[in-house]
Amino acid sequence: MADRLDLPMVGERQSLREQVAHALRAALITGEMRPGVVYSAPMLAQQFGVSATPVREAMLDLAKEGLVEAVRNKGFRVTELSDRDLDELTEIRRLIEVPTVTRLADASRAADFERLQPLAEEIVAAAERADLLGYVDADLRFHLELLALSGNVHLVAVVKDLRNRARLYGLSQLVARGGLADSAREHLALLDALADGDQAAVGRLMAEHIHHVRGIWAGSPST
């Protein structure tokens, strides 16, 4: 059924509410929770094996972020994103992330980029085993930690919000075509270019990566 979920719990040190919110965000981003479908807190609670209270609280948190909307006496409906919404989100990400990451390219900071290598490899490993939620989680952490190297915490917060609003409907298609691992390896190539101090290559790789993500958001992934 389109409105059924089977999601793992994550983050042992997180509160139950935070764990549920994290898993729900992942389901929204991957498109497992679809626009227009109403999800009730009791149904989701049964999926998670918890009471309805932390699920309802988590959904209210997502509603504040504009990811879902409350439907009186029924539950929560996933908000829809138009092509224009996706284009605008992509434009904002491109304006913020491409120049910010490009400026990070510096061979003297190779140690910083080396610390991100295991995370980039985690993205590839998740892609190779078709673990969509693992892929999304590792990909988010990689990009936020990379942007954090700029020292601008507000910029990181803005990008996190933009990414949380995305819907990666094309991920399953990309897995079926065997292209998710190729997309994942873009992160390794980016780290190599950063460590080499090659700003031109970094700018090109970041622009291409965001372009590919726009296709995945729309459900028509392009590699």
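Residues numbered from 1 in each chain as written. Predicted model: local features only at pLDDT ≥ 70, side-chain atom pairs only at ≥ 80, totals over all residues. Heavy atoms only, no water.

With that out of the way, let us pick up the overall build of the protein chain. Per the secondary structure count, the protein chain includes twelve helices and three strands. Expressed as a percentage of its 223 residues, the buried residues of the protein chain come to 48%. In the protein chain, the share of contacts with a sequence separation of at least 24, taken over all contacts with a separation of at least 6, comes to 73%. For the protein chain, the exposed area adds up to about 10800 Å²; of that, 49% sits on carbon and sulfur atoms. (Helix = DSSP H or I, 4+ residues; strand = E, 2+ residues; numbered from the N terminus. Buried < 20%, exposed > 50% of the residue type's maximum accessible area, 1.4 Å probe, protein only. Contact = heavy atoms within 4.5 Å. Areas by Shrake-Rupley, 256 points an atom, 1.4 Å probe, with all protein chains shown as cover.)

As a further point, take empty space enclosed by the protein. Enumeration over the complete set of coordinates arrives at two cavities of 30 Å³ or more. Here the second largest cavity is characterised by a volume of approximately 50 Å³. Lining the second largest cavity are H143, E186, H187, L190, L205, M206 and H209. Of all the elements in the fold, those that place two or more residues in the lining of the second largest cavity are α11 (186-196) and α12 (199-218). (1 Å grid on protein atoms, 1.4 Å probe; cavity = no way out; pocket = protein on both sides within 12 Å on 5 of 7 lines; lining within 4 Å. Points joined across faces, edges and corners; volume = space filled by probe spheres on them.)

For the rest of this paragraph, the subject is the packing of helix α6 (residues 117-128) against α11. As a packed pair, α6 and α11 sit with axes 8 Å apart at the nearest point and diverge in direction by 160°. By the angle between their axes, α6 is roughly antiparallel relative to α11. For the pair α6 and α11, contact is made by Q117, A120, E121, I123 and V124 and by H187, L188 and L191, respectively. Its residues assigned to classes, the contact of α6 with α11 shows five nonpolar, two polar and one charged. (Axes fitted to C-alpha atoms, helices over the stretch in contact; angles between N-to-C directions. Parallel < 35°, antiparallel > 145°, perpendicular 65-115°, else oblique. Nonpolar A, V, L, I, M, F, W, Y, C, P; charged D, E, K, R; others polar.)

Reading across the sheet, the three strands line up as β1-β3-β2 and stay open at both edges, with antiparallel pairing between neighbours. Because the sheet does not close on itself, it has two edges, and the strands there are β1 (38-39) and β2 (68-71). As paired elements, β1 and strand β3 (residues 75-78) share two bridges and run antiparallel to each other. When the bridges of β3 are listed, V38 appears paired with R77. (Pairing = 2+ DSSP bridges.)

With that settled, the discussion passes to the pattern of salt bridges. Here the structure, examined in full by the defined rule, presents 15 salt bridges. The shortest N-O distance in the salt bridge between E128 and R185 comes to 3.6 Å. Residue E128 is found in helix α6, and its partner R185 is found in the loop between α10 (180-184) and α11; the two are separated by 57 residues along the sequence. Given the relative accessible area of 57%, E128 is considered exposed. Salt-bridge contacts for R141 lead to D137; the nearest nitrogen and oxygen are separated by 3.1 Å. (Salt bridge = Lys/Arg side-chain N within 4 Å of Asp/Glu carboxyl O.)

This paragraph deals with helix α3 (residues 52-64). Spanning 13 residues, α3 covers 19 Å between terminal C-alpha atoms, matching the ideal 18 Å at 1.5 Å per step. Every buried residue of α3 is accounted for by P54, V55, A58, M59 and L62. Axial view of α3: buried residues confined to an arc of 135°, hence all on one face. The inward-facing, buried residues of α3 abut α1 (16-30), α2 (41-48), β2 and β3. Note on α3: the residue one or two positions beyond its end, G66, has a positive phi of about 80°. (Expected span 1.5 Å × (residues − 1). Arc of directions from axis to C-beta.)

What follows concerns the pairing of β3. Note that β2 and β3 share four bridges and pair antiparallel. Bridge pairing in β3 links V68 to V78. Between β2 and β3, which follow one another and run antiparallel, lie three residues, and N73 among them has a positive phi close to 65°.

Attention shifts here to the environment of V101. Along the polypeptide, V101 turns up in helix α4 (residues 83-104). Distance in space between the C-alpha atoms of V101 and M206 is 7.7 Å, their sequence separation being 105 residues. The residues touching V101, leaving out its near neighbours within four places in the chain, are L146, L147, L190, L194, V202 and M206.

These values are about where atoms sit, not about what they do.
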